[in-house]
Amino acid sequence: MEKDQEVGDTFENIKLSWRYSCVEVSTISNGYPIRNSSGMEKRHFQLTFHKKHAAIVTESYLPYVLQQAKAIKEQENIVKLYTRNGNANYAYDGGNHGMEIGIWRSINL
């Protein structure tokens, strides 16, 4: 997501809005603010919804979002192991070099 980009979502007919925010971190030295030259930012998401839906959002929606985030993260961490396929086909690239097609296949651990 881009800085200050807003994305809408709906959960059980409740309209929600996520906003990605970045704030430059600055420090204070001798009572004067110092502009941060290192480019460090404080990043966060802001979730907005009508307060009458607070219970549903905190008890159902947020656990669902966290569960989905965990599943996506686990999916990204899949380790693939490659093994030789016994039924390899051969093709030629027009020259004198043969190229094996389909000799390798992946398996998920």
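Report on the accompanying structure. (Residues numbered from 1 in each chain as written. Predicted model: local features only at pLDDT ≥ 70, side-chain atom pairs only at ≥ 80, totals over all residues. Heavy atoms only, no water.)

1. Structural notes on the sheet that holds strand 2 (residues 14-24)
Taken together, three strands build an open sheet; the order of strands is 1-2-5 and the sheet is antiparallel. The open sheet has two edge strands with one neighbour each: strand 1 (6-11) and strand 5 (41-48). Strand-to-strand twist in this sheet, taken as the mean axis angle between neighbours without regard to direction, amounts to 20°. The pairing of strand 1 with strand 2 spans six bridges and is antiparallel. Opposite V7, over in strand 2, you have W18 as the bridge partner. (Pairing = 2+ DSSP bridges. Helix = DSSP H or I, 4+ residues; strand = E, 2+ residues; numbered from the N terminus. Axes fitted to C-alpha atoms, helices over the stretch in contact; angles between N-to-C directions.)

2. Notes on unusual backbone geometry
Phi angles above zero are rare outside glycine, and E12 is one such case at about 50°. Inspection of the secondary structure puts E12 in the loop between strand 1 and strand 2. Owing to a relative accessible area of 54%, E12 belongs among the exposed residues under this scheme. A positive phi angle, close to 65°, is found at N13, a residue other than glycine. Mapping N13 onto the fold places it in the loop between strand 1 and strand 2. (Buried < 20%, exposed > 50% of the residue type's maximum accessible area, 1.4 Å probe, protein only.)

3. Thoughts on the nonpolar core
Counting residues in each nonpolar core, the largest one holds seven residues, listed as F11, I14, L16, W18, L47, V57 and Y61. Looking at this core, the elements with two or more residues in it are strand 2 and helix 1 (54-76). At three residues, the largest contribution of residues to this core is made by strand 2. (Core = buried A, V, L, I, M, F, W, Y, C linked by side-chain atoms within 4.5 Å.)

By themselves, these figures tell us nothing about what the structure is for.
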